[in-house]
Amino acid sequence: DDEAQWREDLLSIARTTLSSKVLAADKHKFAEVCVDAVLRLKGSTNLDRIQIIKKAGGKVSDSYLSDGFILNKKIGVNQPRLIKGARIMVANTPMDTDKVKVFGAKIKVSDTAQLAELERAEREKMRAKVQKIAAMGINVFVNRQLIYNWPEQLFADAGIMAIEHADFDGVERLALVTGGEIASSFDSPELLKLGACDTVEEVIIGEDRMVKFGGAAAGQACTVVLRGGTGQMLDEAERSIHDAIAVLSQTIAEPRIVYGGGCSEMLMSKAVDDAAKLVPGKKSIAMEAFAKALRQMPTILADNAGLDSADLVARLRAAHYDGKSTSGLDLFEGDVIDVVGKVTESFKLKRQVLLSASEAAEMILRVDDIIRCAPRQRRN
């Protein structure tokens, strides 16, 4: 019910997710970006509405979240650079010279007049196609395939913004966020569903011109613009952002949290240890081993941070048996602290990690023997 606390919990989860990744130095900034993007989805787990664009140049800290959908393409020549109240057709249709649809067909002409007549017929056929598209009342046309100079000129004369060669993923996302459908033929206008948005304009990101669709029908649409010095850095940053967004979207679907820093693992370990004392026979030995395995997580955390894991985990275990059930590790200070409001993780993610690890261990234990093929003999 407390929206401010809910947002702070989401920010804490995002910071925890980003802490071990390449964006750790700017985790506070990117946590805000990820939380703002996911909250726009209004509870949906469909991440297709969140687009990530990578542009080399600048610093990682220059990255930002932009409202609307950004298409990494350019607007055609002599066409409007700003459209308000856009009616958008998203299409996958050939806008070059329509080809004869018979494989291997050839047309022979005896003089240049016949060739000119053939070219004129092709131009008129393309003009008729553009007129069909324009008659639907659109002012933005986005095509998956190329748009040649002649139809581009016809669109410019009609005051229509035309964008060519949008990649398949781009047109799929654009159709989704604008509420339209991808068209391939135009003989039945009543069957086509057009997209809509408030504005379509040309924007400059870095040194490149792109097209921004603002105020889309699906108001959840947004774009994360990533900047960085190298392509490898941008690829790693994209993976980090995607991980954080995926964790946050699942947290919103299952809004329970647990405390990190080894706190939840130590709590589970203590509970299993207590239960093992009441179980007779060999089962208790297996339960004690499971409790010991759970304590490996804070041990690994401390080792990875270059700290004395034996000392820290012993102190953490003592704190939990002393009743301090929210104690966890502070890896920056190398101490045991109360992690409430400091280190937070998604309950759904933590549960899935535990289940996956347990199932993997069970599958390995079920293997009775391993048969290996003899290595292939090398010649010479």
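See above for the structure.
Rules used in this analysis
Residues numbered from 1 in each chain as written. Predicted model: local features only at pLDDT ≥ 70, side-chain atom pairs only at ≥ 80, totals over all residues. Heavy atoms only, no water. Helix = DSSP H or I, 4+ residues; strand = E, 2+ residues; numbered from the N terminus. Rg over C-alpha atoms; globule rule 2.2 N^0.38 Å. Buried < 20%, exposed > 50% of the residue type's maximum accessible area, 1.4 Å probe, protein only. Contact = heavy atoms within 4.5 Å. Areas by Shrake-Rupley, 256 points an atom, 1.4 Å probe, with all protein chains shown as cover. Lys, Arg positive; Asp, Glu negative; His and termini not counted. Charge placed at Lys NZ, Arg CZ, Asp CG, Glu CD. Pairing = 2+ DSSP bridges. Axes fitted to C-alpha atoms, helices over the stretch in contact; angles between N-to-C directions. Polar contact = N/O pair within 3.5 Å; in protein donor to acceptor, adjacent residues only side chain to side chain. Left-handed = near helix turned anticlockwise from the far one by under 90°. Nonpolar A, V, L, I, M, F, W, Y, C, P; charged D, E, K, R; others polar. Phe/Tyr/Trp six-rings, centres within 6.5 Å; stacked < 30°, edge-to-face > 60°. Lys NZ or Arg CZ within 6 Å of the ring centre and 35° of its normal. Salt bridge = Lys/Arg side-chain N within 4 Å of Asp/Glu carboxyl O.

1. Observations concerning the overall build of the protein
- Scanning the protein from terminus to terminus reveals 11 helices and 14 strands.
- Taken against the 2.2 N^0.38 rule, which gives 21 Å for 380 residues, the C-alpha radius of gyration of the protein at 29 Å runs more than 25% over that of a compact globule.
- Seen through its principal axes, the protein has C-alpha atoms that stretch 100 × 65 × 40 Å.
- Split into buried and exposed, the 380 residues of the protein put 38% on the buried side.
- In the protein, 73% of the contacts between residues at least 6 apart in sequence involve partners at least 24 apart.
- When the accessible surface of the protein is totalled, it reaches about 22,000 Å², and 52% of it is carbon and sulfur.
- Mean positive and mean negative side-chain charge positions of the protein (52 and 54 charges, respectively) differ by 4 Å.

2. Remarks on the sheet that holds strand S2 (residues 64-67)
- Across the sheet, which stays open at both edges, the 3 strands sit in the order S1-S10-S2 with mixed pairing between neighbours. In this open sheet, the two edge strands, each paired with only one partner strand, are strand S1 (50-56) and S2. Strand-to-strand twist across the sheet, computed as the mean angle between neighbouring axes with direction ignored, equals 25 degrees.
- Direction of pairing for S1 relative to strand S10 (residues 222-228): parallel, over a ladder of 7 bridges. Each bridged residue has a counterpart across the sheet, and for isoleucine 53 the counterpart in S10 is valine 225.

3. Quick word on unusual backbone geometry
- Positioned with a positive phi, asparagine 78 is a non-glycine residue whose angle comes to about 60 degrees.
- For histidine 165, which is not a glycine, the phi torsion comes out positive at approximately 55 degrees.
- Position of histidine 165 relative to the elements: it lies in the loop between strand S6 (161-163) and helix H5 (168-178).
- Residue classification places histidine 165 among the partly exposed positions, given a relative accessible area of 40%.

4. What about the environment of serine 63?
- In this fold, serine 63 is placed in the loop between S1 and S2.
- Considering only alpha carbons, one finds serine 63 and valine 22, 41 residues apart in sequence, at a separation of 14 Å.
- With residues up to four places along the chain from it excluded, the contact list for serine 63 reads Lys29, Phe30, Val225, Leu226 and Arg227.
- Within the structure, the side chain of serine 63 is placed 2.8 Å from the backbone oxygen of valine 60, a separation counted as a polar contact.

5. Topic: the packing of helix H7 (residues 263-276) against helix H10 (residues 309-321)
- Where H7 meets H10, the axes come as close as 10 Å, and the angle between the chain directions of the two elements is 60 degrees. The two elements H7 and H10 cross, and the hand of that crossing is right-handed. Residue-level contacts link Cys263, Met266, Leu267, Lys270 and Asp273 of H7 to Val313, Leu316, Arg317, His320 and Tyr321 of H10.
- For the contact of H7 with H10, the class distribution of residues is 6 nonpolar, 1 polar and 3 charged.

6. Some remarks on the packing of aromatic side chains
- Per the stated rule, a full pass over the model turns up 2 aromatic pairs.
- A cation over a ring is seen here: arginine 123 above tryptophan 150, with NZ or CZ 3.9 Å from the ring centre.
- Over the ring of tyrosine 321 we find lysine 270; its NZ or CZ atom is 5.4 Å from the centre of that ring.

7. Concerning the pattern of salt bridges
- In the structure shown here, the tally under the stated rule is 21 salt bridges.
- We note a salt bridge from glutamate 254 to arginine 256, for which the minimum N-O separation is 3.1 Å.
- A relative accessible area of 44% places arginine 256 in the partly exposed class.
- When the shortest N-O distance is used, the salt bridge between aspartate 311 and arginine 315 registers 3.2 Å. In this pair, aspartate 311 and arginine 315 both sit in helix H10, 4 residues apart, roughly one turn of the helix.
- Three or more residues are tied together by salt bridges with common partners; here these are Arg7, Glu32 and Asp36.

8. Points about the pairing of strand S12 (residues 327-330)
- Bridge count between S12 and strand S13 (residues 335-338): 4 bridges; the pairing is antiparallel. Each residue of the ladder has a partner; that of serine 327, found in S13, is aspartate 338.
- Between S12 and S13, which pair antiparallel in sequence order, lie 4 residues; one of them, glycine 334, sits at a positive phi of approximately 65 degrees.

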